[in-house]
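Fold and geometry: a report
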Amino acid sequence: MARAPLFLASGRGDTNGLRPAKCDIPGSRLYSAAALTLSFAGRAVRERPNRPVSGEGEDKVAMKDPVDVLIIGAGASGAAVAWSLAETKMHVLCLEQGGWMNPAEYPSTGRDWEAKFYGEWSSSPNVRGRPEDYPINDDNSPIKVVNYNAVGGSTVMYTAHWPRLHPSDFKVKTLDGVADDWPIDYDALTPFFEENDRMMGTSGLSGDPLSPLTHPPMPQQPMGLSGAIIGKAMNKLGWHWWPSDTTVATTDYEGRARCINLGHCTPACAQGAKSSTDITYWPHAIRAGVELRTRCRVREITTDENGMASGVVYYDKDGVEQFQPAHVVIIACNGVGTPRLLLNSASGRFPNGLANSSGLVGKNLMFHPYAQIYGYVKEATDSNRAPPTCLWSKEWYDTDLSRGFVRGYGVQFVRGAGPVFEAVVSEQKGILPWGEDHHRVFRKLNGHRLGFSAICEDLPEEHNRVTLDPVLKDSHGIPAPKIDYTISENSRKMMEHALARGREFLETAGASDICVNSPIPWGGWHLLGTARMGTDPARSVVNEWGRTHDVKNLFIVDGSIFVTSGGVNPTSTIQALALYIADQMKQRLANLFD
Amino acid sequence: MSEQMTLTPRQRQDLRTIAAMIIPSSEEYRVPGADDEIIQADILATLGRDTRLVAAALDHLARLAGMPLADLEPAARDSVAQQFRSSGGGAAATLVRVVLQCYYRDDRVLRSLGLELRAPFPKGHVLPDGDWSLLDPVRARAGTLRRAP
């Protein structure tokens, strides 16, 4: 190819050989000589920085200086890839549309902690409506998108449940004749799962016979009142259960305080016990020299006359349009934000959106439909006095065609709910009456809830997709994403199966007043598949190491590259993939664009 | 739909009436009703982003009642309340949720429920570690992870 290799001076083709030449810049850190001196086709040599720009990280080069690597998004995958690439000493810049979180303002610090879930701390960006949120038209989907926009991304607002995809999840076509195999296997990710578990700080109990072997550095969460009820009922039925791996610190760990059971952890942890990348990866990455610019929303990725990514156009914290040139661009915006950005980056050369010659950008959206069933036992449960999830089951994870569907689901058990949530939901379900009997019934329900949530594997279907809404725009006038999604017949059968098993479980536990949420309508936590990975450019968006087929200096590291979804929460696998792709980049520095 | 950002006196009156219908006071449990002055003040002070929908719900209620809700005979009031809940949609659900979320953080109510009057942070809660020998049957059954080619 005509273009000079980007990382020539530092790249020797393997990670161990990575020793970038030093170049001292006043007021700055070390830069790779290659990044500073190489000439790129059709573009000026990067200028020596002449003024620092104050930001939330360190003093940095002026905005018009190209950076070696530009990462879009500071969430689960963006943080991991930034941290991993920091050791190259390249100039790595991350642009994040949200800001830094302030734990002193987290819901659990106030008496109104539950009410906040319905407003500024809603999991739905459409309800939250903060300036850093972008609207999503999900009217044509029974499952609504939930996410969080900040440094840390949706790891700020998640349940911290930490299963991995199983080895069999990477070979579904071979094993079950559906969807596609991944171009990589579980073994390729194993070292990155382990590295990620150390960085995020996981707790759990090694040795689950039905899950991949893990080595959590901290012991599992306490069983609590709910865990004991769940375990006994599952034992009566002869069904598998096991303490969940979670990213809740059960001991002090790497500067994080141990969990003190503040209650429902999903909307951020004031104690800092729940792992989110703003308190795990980012402090390490910034200390290692990565620059993080917050409140910067990227509008589009630009390309040059060679069809290579040349940088991004973004709006800074003051709403001023900026152009940031870059030699490599990495997208880490999740399965909705990433296709939105690629589609918004359409140009004369890429009329259907960037990296979209396959036509698959935005297609094959997978959510994981949740089939939830819950009831009320006579004994007290943990209610709001514990992290919401503590145990899982893989009893129905693998394909058994006698069940009437292919593939399977994982189960996460739910410990309970707080009083406001209990009252609101039970009133809506019609089991908490108005009037005189309200008090008696509420006392029967509150503090006695037990839940069974099945995470059903969603298979890829092209009609489930993210497109650009023709009308809806965010606060910067950037077209918003539109979701079209239906639950497949296979998924419906799986959900029915799960609800039947859940009912058996609840009845065995002695529960009454059984209620169902199927699907959980505000359950679109897992945003997967919309820029899938593969070796065939006609059938995939990125190759087997995350580089887009069409643009050889453009990478994607978030959940959009999933080929299939498995039946578990995906964040652990998303981050392992991001670390794997970063490692691949480091190993291929000498010929990254070939 | 009402566009004002505060409730009118009539709306406040109806809010109070419907709140009492949702949660009346109870001598047995020693709790106030949701029409209690302190709880009503909390609702009005914290309506915030919910004001528009709550006002819309109260407009709908007023149309159903045709007069201040409190002035209706009890049977008619109950009938209006049922219609309100069944036909009020998201606005009615928001009104009910606002009443419940303020009621179930009131000190007197929490005390009656045996709950502590505090934010979760910084004290947290203590959880029993439990008897992990419950896992023995799972270990005994074992099972194997599905192999991938």
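These numbers were taken from a predicted model, which means no experiment stands behind them.

Tallying secondary structure elements over chain A gives 12 helices and 16 strands in all. If you take every contact in chain A between residues at least 6 apart in sequence, the share linking residues at least 24 apart comes to 73%.

The next subject is the UniProt feature "domain: Glucose-methanol-choline oxidoreductase C-terminal" (unreviewed entry) in chain A. UniProt records the feature "domain: Glucose-methanol-choline oxidoreductase C-terminal" (unreviewed entry) at residues 460-578 of chain A, using the numbering of this structure. Regarding residues 460-578 of chain A, the helix share stands at 24% and the strand share at 20%, and the terminal C-alpha atoms are separated by 21 Å.

Turning our attention to the confidence of the model for chain A. Averaged over all residues, the pLDDT of chain A is 90; the fraction at 70 or higher stands at 89%. In this model residues 1-62 of chain A is a low-confidence stretch, pLDDT under 50, and it forms 118 contacts with partners more than four residues away in sequence or in other chains.

With that settled, the discussion passes to the interface of chain A and chain B. By convention, interface size is frequently given as the accessible area that disappears when the constituent parts associate. Between chain A and chain B, the residue contacts involve 55 residues of the former and 41 residues of the latter. Secondary-structure elements contributing two or more residues to the side of chain A that touches chain B are helix 6 (224-237), helix 9 (419-429) and helix 10 (438-445) of chain A. In terms of residue count, the dominant contributor to the side of chain A that touches chain B is helix 6 of chain A (7 residues). In the side of chain A that touches chain B, the residues fall into 24 nonpolar, 20 polar and 11 charged.

Further remarks concern the nonpolar core. Val81 and Ala82 of chain A together with Val99 of chain B are the most contacted members of the largest nonpolar core, which totals 201 residues. Excluding anything up to four places from it in sequence, Ala82 of chain A contacts Ile71, Val92, Cys94, Ala285 and Val290 of chain A.

Here the residue pair Ser518 of chain A and Pro519 of chain A is connected by a cis peptide bond, since its omega of 0° sits within 30 degrees of zero. With respect to the element layout, Pro519 of chain A can be found in the loop between strand 15 (512-517) and strand 16 (554-556). Along the chain, Phe121 of chain B connects to Pro122 of chain B via a cis peptide bond; the corresponding omega equals 10°. Within the secondary structure, Pro122 of chain B is located in the loop between helix 6 (107-113) and helix 7 (136-141). One non-glycine residue with positive phi stands out, namely Glu254 of chain A, at about 50°. Checked against the element boundaries, Glu254 of chain A lands in the loop between strand 4 (242-243) and helix 7 (281-287). Residue classification places Glu254 of chain A among the partly exposed positions, given that 15 C-beta atoms sit within 10 Å. Non-glycine residue Arg295 of chain A carries a positive phi angle of around 55°. Counting through the fold element by element, Arg295 of chain A comes out in the loop between strand 5 (291-293) and strand 6 (297-303).

Moving on, we get to the UniProt feature "domain: Glucose-methanol-choline oxidoreductase N-terminal" (unreviewed entry) in chain A. Feature annotation in UniProt assigns "domain: Glucose-methanol-choline oxidoreductase N-terminal" (unreviewed entry) to the following positions: residues 68-369 of chain A. In the segment residues 68-369 of chain A, helix accounts for 22% and strand for 14%; the C-alpha atoms at its two ends are 39 Å apart.

Turning our attention to the sheet that holds strand 14 (residues 479-484) of chain A. Hydrogen bonds between backbone groups are what pair the strands of a sheet, and the pairing can be parallel or antiparallel. Residues and elements named next belong to chain A. The strand order 3-14-13 describes an open sheet built from 3 strands, whose pairing is mixed. The outermost strands of the open sheet, each flanked by one partner alone, are strand 3 (137-140) and strand 13 (465-473). Recorded for the sheet is a direction-independent mean angle of 40° between the axes of neighbouring strands. As defined by bridge partners, strand 3 adjoins strand 14 across 2 bridges and the pair is classed as parallel. When the sheet's bridge partners are listed, Asn140 is paired in strand 14 with Asp484. In this fold helix 8 (residues 334-344) packs onto strand 13 and strand 14, with an angle of close to 65° to the strand it touches most, strand 13.

Before going further, it helps to examine the pairing of strand 2 (residues 92-95) of chain A. Put simply, side chains in a regular strand alternate between the two faces of the sheet. All names here are of chain A. Neither face of strand 2 is left uncovered, since the one carrying Val92 and Cys94 and the one carrying Leu93 and Leu95 both have all their residues buried. Summarising the sheet, strand 1 (residues 67-72) and strand 2 pair through 4 bridges and their orientation is parallel. Among the inter-strand pairings, Ile72 is bridged to a residue of strand 2, identified as Leu95. Taken together, the 3 bridges between strand 2 and strand 5 define a ladder with parallel strand orientation.

Conventions we followed
- Along each chain, residue indices are assigned from 1 in the same order as the chain's sequence is written.
- Here the convention is simple: chains get letters from A, ligands get numbers from 1, in the order in which they are written.
- Local features in this predicted model are restricted to residues whose pLDDT is 70 or higher, and side-chain atom pairs enter the listing and the counts only when it is 80 or higher, whereas totals over whole chains, interfaces and linings include all residues.
- Secondary structure elements follow DSSP: runs of H or I no shorter than four residues count as helices, runs of E no shorter than two count as strands, and numbering proceeds from the N terminus.
- Two residues qualify as being in contact provided that their C-beta atoms, derived from the backbone, are within 7 Å of each other.
- UniProt positions are given in the numbering used here, feature names are shortened, and annotations may be inferred rather than shown by experiment.
- Per-residue confidence from the predictor is reported as pLDDT, which spans 0 to 100.
- Each residue receives one of three labels: charged for Asp, Glu, Lys and Arg, nonpolar for Ala, Val, Leu, Ile, Met, Phe, Trp, Tyr, Cys and Pro, and polar for the others, Gly being one of them.
- Linking buried Ala, Val, Leu, Ile, Met, Phe, Trp, Tyr and Cys residues through C-beta atoms within 7 Å yields a set, and such a set is a nonpolar core.
- Here exposure depends only on C-beta density: within 10 Å of a residue's C-beta, 20 or more other C-beta atoms make it buried, 12 or fewer make it exposed, and intermediate numbers make it partly exposed, the C-beta atoms being placed from the backbone.
- DSSP calls a pair of strands paired once it identifies at least 2 bridges connecting them.
- The convention used is that axes are lines fitted to C-alpha atoms, helices contributing only their stretch in contact, and that angles between N-to-C directions extend from 0 to 180 degrees.

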